[in-house]
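So you can see what is in the structure, the chains are spelled out below.
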Amino acid sequence: MDLLEDLETLKFESGIHEEDHSWLYLLGRSHGLMIKACAHATFFCKLLHNLRESFSRKSVPEKRTSKCHLTGLCEEAQDDDALKVGIIGGGHLGKQLARTLLQLVPIPAENLQISTRRPETLDEFKKLGIQCFYQNTSLVEWANVVFLCCLPSQLPNICVEIQTRLGKDCIVYSFVSAIPVSRLKLLLNHTNILRPQYQCAEDLAHIWGANKEITTALQDPAILQATCPYSPAGGISLNIKWLEGMFYALLNFCTAKDMPHSQVLQHLSELFSSQHLEACKEDEAAPLKFQAQDFVSKIYAKNLSQKRPFPLFDLTTVQLKETPFSQYLSNSTTFQDRFIHLYCDSFGISLTKEQEPEVSTGSPSQ
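Residues numbered from 1 in each chain as written. Predicted model: local features only at pLDDT ≥ 70, side-chain atom pairs only at ≥ 80, totals over all residues. Heavy atoms only, no water.

Enquirer: Where do I start with empty space enclosed by the protein in this structure?
Expert: The full count for this structure, using the stated rule, is two cavities of 30 Å³ or more. Looking at the largest cavity, its volume works out to about 60 Å³. Looking at the largest cavity, the residues that line it are V181, R195, P196, Q197, N239, K241, W242, Q319 and L320. Tallied by class, the residues present in the lining of the largest cavity amount to four nonpolar, three polar and two charged. Counted as a void, the second largest cavity has a volume near 30 Å³. Residue lining of the second largest cavity: L51, R52, F55, F253, C254, K257 and M259, and that is the complete set. Of all elements in the fold, only α1 (25-59) and α11 (241-256) reach the threshold of two or more residues within the lining of the second largest cavity. Looking at the lining of the second largest cavity element by element, the count peaks at three residues for α1. In terms of residue class, the lining of the second largest cavity is built from five nonpolar, no polar and two charged. (1 Å grid on protein atoms, 1.4 Å probe; cavity = no way out; pocket = protein on both sides within 12 Å on 5 of 7 lines; lining within 4 Å. Points joined across faces, edges and corners; volume = space filled by probe spheres on them. Nonpolar A, V, L, I, M, F, W, Y, C, P; charged D, E, K, R; others polar. Helix = DSSP H or I, 4+ residues; strand = E, 2+ residues; numbered from the N terminus.)

Enquirer: Even after reading the chapter, I still don't get the packing of α11 against helix α15 (residues 324-331), so can you show me in this structure?
Expert: Helix-helix packing: each pair is described by the crossing angle between the helix axes and the interaxial distance. Look at α11 against α15: their axes get within 10 Å of each other, and the N-to-C directions meet at 120 degrees. Relative to α15, α11 is oriented oblique. For the element pair α11 and α15, the recorded crossing hand is right-handed. Contacts from K241, L243, E244, F247 and Y248 of α11 reach α15 at P324, F325, S326 and L329. (Axes fitted to C-alpha atoms, helices over the stretch in contact; angles between N-to-C directions. Parallel < 35°, antiparallel > 145°, perpendicular 65-115°, else oblique. Left-handed = near helix turned anticlockwise from the far one by under 90°. Contact = heavy atoms within 4.5 Å.)

Following this line, the structure appears as structure tokens:
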């Protein structure tokens, strides 16, 4: 219980002059952006985790069993199979993201690392078993996904530091809104980059709250639905090109594991299959099935043998130009419905027909 909750004089607003109260909406907007950013990063990591688990179950068991008689090798194989996430930046966003990933993916503490100039301020995470240090190069060499949660002024130096240590399959996920993805590509000499773009409406909805913990907020059905990439609710919209980038990032992740493209398509189709979604059980007659031409040109798909993986895609180009998946997203209402249900279901909230959010059919500008 918060004993200070009802003491008006100790609230943030009490110290603001009346003529400045019109600026208080910025507090809600900042919190709404934080909630959306953490929700989308968490969902992305959930999908990566599920794909990795699915791939490991089908391709690794024999290897684990054959080596089980050698002490310690089984445990090492399990560690290699786990999704490893690194965060550069230990400020407010970095801390909130770490808490959300730990609790809602959930990512084990040993598979999460934070690099910050002031690791001594992260005692709460150290106590949980998370490695906190100031060594950006070590972090990017270790991680499968790296979240950039630093200030724009810090980013150029960080990029110079880590660009030669980034593996081509490492996914860099940038929250540095002031630096466009095309500039990031040059700074990092890297193409496997995701950068969400958010746009705030003038009439921002008052649903975000200013004091809710991110993990608590994402258990609220109204707030969770407002974070859905297809939903315009809440007054904060996400450029749908992020969704394209996310899917191609998933393909790159599988290609790095040398997974045949036919197997990747099967995993993605199963992920979005209605039989896995409680709220879609009535719609089992129309299964969703991805095909190679949904992601590559028809000519390339025709010449792609079943056992070959997809090529490594330039995610910066995906987020800036039209792709085969752009057409798929704009034409498939079935996908939109399934995606909304999968998104909410991944956070433990199943939607009824009445709860389905309004879907935005247009794509926000670049």
